[in-house]
Amino acid sequence: MYLSRFLSLHALWVTVSSVMQHYPSVWGHYDVCKTQIYTEEGKVWDYMACQPEARDMIKYVKVTLDPPDITCGDPPETYCAMGNPYMCNNECDASTQELAHPPELMFDLEGRHPSTFWQSTTWKDYPKPLHVNITLSWNKTIELTDNIVITFESGRPDQMILEKSLDYGRTWQPYQYYATDCLDAFHMDPKSVRDLSQHTVLEIICTEEYSTGYMTNSKIIHFEIKDRFAFFAGPRLHNMASLYGQLDTTKKLRDFFTITDLRIRLLRPATGEIYVDEQHLARYFYAISDIRVYGRCKCNLHATGCKEENKRLLCECEHNTTGPDCGKCKKNYQGRPWSPGSYLPIPKGTANICIPSISSIGTNVCDNELLHCQNGGTCINNVRCQCPPAYTGILCEKLKCERDPGGCSQSSGRALLSGAAPLLLPALLAARALC
């Protein structure tokens, strides 16, 4: 009996733990857009800020290379082994599957041996620079939620820039510089993210941490998203509410973690030394086996879902919003200007839903979701509000005493303010103007 009771309690604990992991209290309830609640007026919708879950965004990426013929194998060429730069009998041949290294191998599932990877041509045209631009595009605004991780099969570049775009590749700005010698390459003092603070978190730095030559255990480059989050949420990201508060009030901080495109600018391959061995140029090239980008569709806190449609990501908008990023109000829901949702107040945020235009209300004056009658009024067949004796107006939003010569008492005014719905204020003002 005790064993069965223990197993039952254990099963309950596992269930509760899994739920708590999925809905950590410090993150807020931004994965729910609305819920039904019971009030004195009956069952109504309670609207909240909401956002899609984070996911592996590489599944939806489009990659382009510049120059387009920079991938090795056409024509076939030999290159040196990764571990032994003087063993130069490896071959890249685009016409043979086993020897080809096309760009899509930067994003395929790893775990096989040997690993799969994209590879550039060798530095056969030295001293002309070996420059490659790898552009990742989503045709959608993305909010980053984890580190960007690039795994090189070759040595990590001596010089590289990670850039971002917020306007679908029309303009670019640097995210981070990488070099074996920051001062020589980019005229910048070397720094790491650990040198930053809340006040300097948006600083664009050059780091030397990820730029080494041929080392089997040194293949990965990071752009540290979580370390920047930690300046506001704590080292283990336990206080995400604090981070959300900062994101809500600081547009530059929100934009820093927001992208439509990423560009990896490879400027100089790993040399391993301070000079280039011109007798063995097949030692020098770029090869990438994996790129990881985790984030969520930006939906302006108006959606919990994001779907792929015609090879494009689109937010599944709520709150009477529409558009790929839920960036505008639906037709006939422009009773006030569109606004993004707000993380504040924690934990549910503010939905800032789009409300119907007065001109579109028509016969549907009231309903049980959005336009419910105010101050205890009753909705009759969605056509009119039956108001309590002291109130009048389309939605029972006005005190009758306002029409009296003496006006309303202070207590009556307070009653009106406490009963009126803030979300409908612009509509009510417009209704008053019409009366």
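Okay, so let's go over this structure. (Residues numbered from 1 in each chain as written. Predicted model: local features only at pLDDT ≥ 70, side-chain atom pairs only at ≥ 80, totals over all residues. Heavy atoms only, no water.)

## Some points on the overall build of the chain
Along the backbone of the chain there are eight helices and 24 strands. Evaluated residue by residue, the chain yields a buried proportion of 45% over its 435 residues. Contacts in the chain between residues far apart in sequence, at least 24 positions, make up 64% of those at least 6 positions apart. Accessible surface computed for the chain: about 23,100 Å², of which carbon and sulfur atoms make up 53%. (Helix = DSSP H or I, 4+ residues; strand = E, 2+ residues; numbered from the N terminus. Buried < 20%, exposed > 50% of the residue type's maximum accessible area, 1.4 Å probe, protein only. Contact = heavy atoms within 4.5 Å. Areas by Shrake-Rupley, 256 points an atom, 1.4 Å probe, with all protein chains shown as cover.)

## Observations concerning the sheet that holds strand β9 (residues 148-152)
Pairing within the open sheet is antiparallel, and its four strands lie in the order β7-β15-β9-β13. In this open sheet, the two edge strands, each paired with only one partner strand, are β7 (118-119) and β13 (220-223). The pairing of β9 with strand β15 (residues 287-292) spans four bridges and is classified as antiparallel. Opposite Val149, over in β15, you have Arg292 as the bridge partner. (Pairing = 2+ DSSP bridges.)

## A short note on the environment of Gly305
Of note, Gly305 is situated in strand β17 (residues 303-309). We classify Gly305 as buried; its relative accessible area is 13%. Note: C-alpha distance between Gly305 and Asp31 (274 residues apart in sequence) is 8.9 Å. Look past the residues within four positions of Gly305 in its chain and what remains in contact with it is Pro52, Cys299, Leu314, Cys315 and Glu316.

## Focus on the environment of Glu153
Examined against the element boundaries, Glu153 turns out to sit in the loop between β9 and β10 (159-165). Sequence separation between Glu153 and Ser115 is 38 residues; the distance between their C-alpha atoms is 8.5 Å.

## Quick notes on the packing of aromatic side chains
Under the counting rule described, the total for this entry stands at 13 aromatic pairs. Taken together through their ring pairs, the aromatic side chains of Tyr175, Phe223, Phe229, Phe256 and Phe257 make up a single cluster. Of note, Lys34 hangs over the ring of Trp45, and the distance from its end group to the ring centre comes to 4.4 Å. Here Arg263 stacks its cationic end above the ring of Trp172, 4.3 Å away from the centre of that ring. (Phe/Tyr/Trp six-rings, centres within 6.5 Å; stacked < 30°, edge-to-face > 60°. Lys NZ or Arg CZ within 6 Å of the ring centre and 35° of its normal.)

## Describing the packing of helix α3 (residues 225-233) against helix α4 (residues 240-249)
Between two packed helices, both the angle of their axes relative to each other and the distance between the axes serve to describe the pair. Taken N-terminus to C-terminus, the directions of α3 and α4 make an angle of 100°; their axes are 7 Å apart at the nearest point. Looking at the two axes, α3 sits roughly perpendicular to α4. Facing α3, whose interface residues are Phe229, Phe232 and Ala233, α4 presents Met240, Ser242, Leu243 and Gln246. Class assignment of the residues belonging to the contact of α3 with α4 gives a composition of five nonpolar, two polar and no charged. (Axes fitted to C-alpha atoms, helices over the stretch in contact; angles between N-to-C directions. Parallel < 35°, antiparallel > 145°, perpendicular 65-115°, else oblique. Nonpolar A, V, L, I, M, F, W, Y, C, P; charged D, E, K, R; others polar.)

## Quick look at the environment of Cys92
Mapping Cys92 onto the fold places it in strand β6 (residues 90-92). In this structure, the C-alpha to C-alpha distance between Cys92 and Thr78, residues 14 residues apart in sequence, is 6.2 Å.

## Overview of α4
Within the span of α4, buried status applies to Met240, Ala241, Leu243, Tyr244, Gly245 and Leu247. Buried positions along α4 lie against α3, α5 (251-256) and β16 (294-297).

## Re the pattern of salt bridges
All chains considered together, the criterion is met by 14 salt bridges. Between Lys348 and Asp46 there is a salt bridge; the shortest N-O distance is 3.9 Å. Of this pair, Lys348 sits in the loop between β20 (328-329) and α6 (358-361) while Asp46 sits in strand β2 (residues 42-47), and the two are 302 residues apart along the sequence. Take Asp46: its relative accessible area is 22%, and that puts it in the partly exposed class. A salt bridge links Glu163 to Arg265; the shortest N-O distance between them is 3.2 Å. On the criterion of sequence distance, the pair formed by Glu163 in strand β10 and Arg265 in strand β14 (residues 258-268) is long-range, its members being 102 residues apart. (Salt bridge = Lys/Arg side-chain N within 4 Å of Asp/Glu carboxyl O.)

## A look at the pairing of β15
In terms of burial, β15 is largely enclosed, as five of its six residues are buried. In this structure, β7 lies alongside β15, joined through two bridges in antiparallel fashion. The partner of Trp118 across the bridge, within β15, is Ile288.

## Some thoughts on α3
Those residues of α3 lying buried are Ile225, Arg228, Phe229, Ala230, Phe232 and Ala233. Of the surrounding elements, those touching the buried residues of α3 are β8 (132-144), β9, β11 (173-179), β13, α4 and α5. Downstream of α3 by a residue or two, Gly234 has a phi angle that is positive, lying close to 90°.

## Structural notes on the state of the cysteines
A covalent bond between the sulfur atoms of two cysteines is what we call a disulfide. Summed over all chains, the structure comprises 10 disulfides. Note that Cys317 is cross-linked by a disulfide to Cys326, the S-S spacing being 2.1 Å. Between Cys317 and Cys326 the disulfide shows an S-S torsion of about -100°. By sign, it is left-handed. (Disulfide = S-S within 2.5 Å.)

## Points about the nonpolar core
Soluble, globular proteins show a tendency: their nonpolar side chains are buried together. Counting 62 residues, the largest nonpolar core has Trp118, Ile134, Trp138, Tyr175, Leu266 and Ile291 as its most contacted members. Considering every element that reaches this core, the biggest residue donor is β8, with six residues. Ignoring any residue separated from it by four or fewer positions in sequence, one finds Trp138 in contact with Met57, Ile58, Tyr60, Val61, Ile259, Thr260, Asp261, Leu262 and Val293. (Core = buried A, V, L, I, M, F, W, Y, C linked by side-chain atoms within 4.5 Å.)

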